[in-house]
Amino acid sequence: MAIPNAALQKLLQEVETQAVLSQQKITQTQAELNVKRRDARLNLLTSNELKSLSKDTKTYEGVGKMFVAVPVSTLTRRLESDSTTLNKEISELEKKLHYQETTYKNSRQHIEKILQSGSRP
């Protein structure tokens, strides 16, 4: 039972479209993941710097165009909270990236199968 060429072409176009969309999503997710990892590194560096300060050191936090005096303990708690949130987001993005890479790989395999079945007499 041979599948007509028109049906094969339509199927091939649909799978190719899905592969292109998956590739675009992979690129976007990788960019988001890089941003989150950079933020996590910055958060860790800031936290390490705060740990080296004494408890009575005056620290300031930027709020819009001004700076507000904030105790070191408050900044440390906020950074820990942000770190937990960032780690969770990074984990979710890594899972999303794995899913998208699997989808892309499967799409490419389907394209190869369609091309192989179309070339048979």
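A quick note: this is a predicted structure, and the numbers were derived from the prediction, not measured. (Residues numbered from 1 in each chain as written. Predicted model: local features only at pLDDT ≥ 70, side-chain atom pairs only at ≥ 80, totals over all residues. Heavy atoms only, no water.)

Draft legend 1. The arrangement of the pattern of salt bridges in detail. Summed over the entire model, instances satisfying the criterion amount to 5 salt bridges. Taking the shortest distance from any N to any O, the salt bridge between Asp82 and Arg78 comes out at 2.9 Å. Residue Asp82 and its partner Arg78 are located together in helix H2 (residues 72-119), separated by 4 residues, close to a single helical turn. On the accessibility criterion, Asp82 (29% relative accessible area) is partly exposed. Each of the salt bridges in this network shares a partner with another, and the network as a whole consists of Glu61, Arg78 and Asp82. (Salt bridge = Lys/Arg side-chain N within 4 Å of Asp/Glu carboxyl O. Helix = DSSP H or I, 4+ residues; strand = E, 2+ residues; numbered from the N terminus. Buried < 20%, exposed > 50% of the residue type's maximum accessible area, 1.4 Å probe, protein only.)

Draft legend 2. Here's a closer look at the layout of surface pockets. Of the volumes computed, that of the largest pocket is approximately 160 Å³. For the lining of the largest pocket, the per-class residue count stands at 5 nonpolar, 2 polar and 3 charged. (1 Å grid on protein atoms, 1.4 Å probe; cavity = no way out; pocket = protein on both sides within 12 Å on 5 of 7 lines; lining within 4 Å. Points joined across faces, edges and corners; volume = space filled by probe spheres on them. Nonpolar A, V, L, I, M, F, W, Y, C, P; charged D, E, K, R; others polar.)

Draft legend 3. Examining a nonpolar patch on the surface more closely. A surface patch of nonpolar side chains, amounting to about 240 Å² of accessible area, comprises Val63, Met66 and Val68. Inspection of the secondary structure puts Met66 in strand S2 (residues 66-70). (Patch = residues over 30% accessible without salt bridge, like charges linked within 9 Å, V, L, I, M, F, W, Y side chains within 5 Å. Areas by Shrake-Rupley, 256 points an atom, 1.4 Å probe, with all protein chains shown as cover.)

Draft legend 4. Spatial organisation of the side chain of Ser22. One can find Ser22 in helix H1 (residues 5-51). Those residues in contact with Ser22, other than ones at most four positions away along the chain, are Gln100, Thr103 and Tyr104. (Contact = heavy atoms within 4.5 Å.)

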